[in-house]
Amino acid sequence: MQEKDGLFLSTQEAVQAVNIALSRYSSQFNLIANVWPLVFGRDAYVIRDSTPRLFWVKTSSRSKLVSADEDDLKRLMMERLKRSPPSLSKLATICRQVFGTPTHHVSDPSAAEKPAGIWIKTDMADFQCIRCGQCCQTLNYHDGCSLEDYRRWQELGRDDILAWVGTVRQNEVVITCRIWIEPGTNHYAEVCPWLKQIDQSGRTLCTIHTVRPTVCRQYPGTRKHARLTGCQGV
């Protein structure tokens, strides 16, 4: 559930959000070192090797030190989180570290019958987009098209948008989508085809803003996400 300055995530959604945040940014050793014992236990730790980009890790008091690179560390953490989700209070602490914003574990305030989850303060209530276009030009959004987006564009008769959507079908039914694919090819467009520059200052305009994909509607999510992805919004 999204509100002006906060986001409620179920346990599964919170773990997935952590996965996305860890996989999207590189050079996060300090963050990984802080989160590691929260995921594996207080006897687990990560230390740097003398070789750049190589680390030594323990996953328990009884485990041996093993070498790993940053991608290995992220993979090991996510495998553990998905296999053995931590308590809500610990998951809230992990989210606090990863997203760099206050969190706490709660039950969904809008529906008591739903499972408990994590409330994340996004610090986005007063965020203002200045139309710099960085998100449209630099982020990997190609797998961000949902089936709901695809069906919405179908219902609106937006064949112009659908022409730039690549689909995977099973028994003639669309099961997943990709954006933005150059029409008649299987190649991603170099830049979003709906982004237009509107003045000499470099400000941009999304020409499908009212029906833009969910991935675009949700960006940047949190102030930390905006900062780490080059967003110039204030």
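Cut-off values and rules
Residue positions are given per chain, counting from 1 as you read along its sequence in written order. Local features in a predicted model are, by the rule used here, given only for residues with pLDDT of at least 70; side-chain atom pairs are given and counted only at 80 or more, and totals for whole chains, interfaces and linings are based on all residues. The basis for every side-chain value is the complete set of non-hydrogen atoms in the structure, without hydrogens or water. Whether two strands pair depends on DSSP finding at least two bridges between them. The secondary structure listing takes helices from DSSP runs of H or I that are at least 4 residues long and strands from runs of E that are at least 2 residues long, numbered from the N terminus. Angles here are taken between N-to-C directions and fall from 0 to 180 degrees, while the axes themselves are lines fitted to C-alpha atoms, restricted in helices to the stretch in contact. Every residue pair with non-hydrogen atoms within 4.5 Å of one another is taken to be in contact. Burial classes follow relative accessibility: with a 1.4 Å probe on protein chains only, a residue under 20% of its type's maximum area counts as buried, one over 50% as exposed, and anything between as partly exposed. In this description, the arc belongs to the directions extending from the helix axis to the C-beta atoms. Salt bridge, as used here: a side-chain nitrogen of Lys or Arg that lies within 4 Å of a carboxyl oxygen of Asp or Glu.

S.K.: Is there a simple way to think about the sheet that holds strand E2 (residues 45–48) in this case?
M.R.: Spatially, the three strands line up as an open sheet ordered E2-E3-E4, and their pairing is antiparallel. In this open sheet, the two strands that pair with only one neighbour each are E2 and strand E4 (66–68). Along the sheet, successive strands turn relative to each other by an average axial angle of 35°, direction set aside. As defined by bridge partners, E2 adjoins strand E3 (residues 55–58) across four bridges and the pair is classed as antiparallel. Residue pairing across strands places Tyr45 opposite Lys58, the latter belonging to E3. Against the sheet, helix H2 (residues 29–40) contacts E2 and E3, and its axis sits at roughly 150° relative to E2.

S.K.: How should I be thinking about unusual backbone geometry in this particular structure?
M.R.: Of all residues except glycine, most have a negative phi; of all peptide bonds, most are trans. Here the residue pair Ile179 and Trp180 is connected by a cis peptide bond, since its omega of -25° sits within 30 degrees of zero. In this fold, Trp180 is placed in the loop between strand E8 (173–179) and strand E9 (195–197). Residue Arg131 is not a glycine yet carries a positive backbone phi of 60°. Looking at where Arg131 falls in the secondary structure, it is placed in the loop between strand E6 (117–121) and helix H5 (134–138). Not every positive phi belongs to a glycine, and Asn171 is a case in point at roughly 55°. Its place among the elements puts Asn171 in the loop between strand E7 (165–170) and E8.

S.K.: Explanation requested: helix H6 (residues 147–155) in the structure shown.
M.R.: Residues that lie three or four places apart on an α-helix share one face, since the helix turns once every 3.6 residues. Asp149, Tyr150 and Trp153 are the residues of H6 that are buried. End-on, the buried residues of H6 take up no more than an arc of 100°, which puts them together on one face. Facing away from the buried side of H6, by more than 90 degrees, are the exposed residues Glu148 and Glu155. Where H6 is buried, its residues touch helix H7 (159–162), E7, E8 and helix H8 (214–218).

S.K.: How should I be thinking about the pattern of salt bridges in this particular structure?
M.R.: Where charged atoms from two side chains of opposite charge come close, those side chains can pair. Inspection of every chain in the model, using the stated rule, returns six salt bridges. Two residues, Glu79 and Arg75, come together in a salt bridge whose shortest N-O distance is 3.4 Å. Linking Glu79 with Arg75, this pair stays in helix H3 (residues 70–83), spanning four residues, or about one helical turn. Using a relative accessible area of 42% as the deciding quantity, one classes Arg75 as partly exposed. One network of salt bridges, in which partners are shared, links Asp72, Arg75 and Glu79.

S.K.: Looking at this model, I keep getting lost on the pairing of strand E1 (residues 6–10). Mind explaining?
M.R.: In terms of burial, E1 is a largely internal element, four of the five residues being buried. As defined by bridge partners, E1 adjoins E6 across five bridges and the pair is classed as antiparallel. Pairing of Leu7 across the sheet is with Ile120, part of E6.

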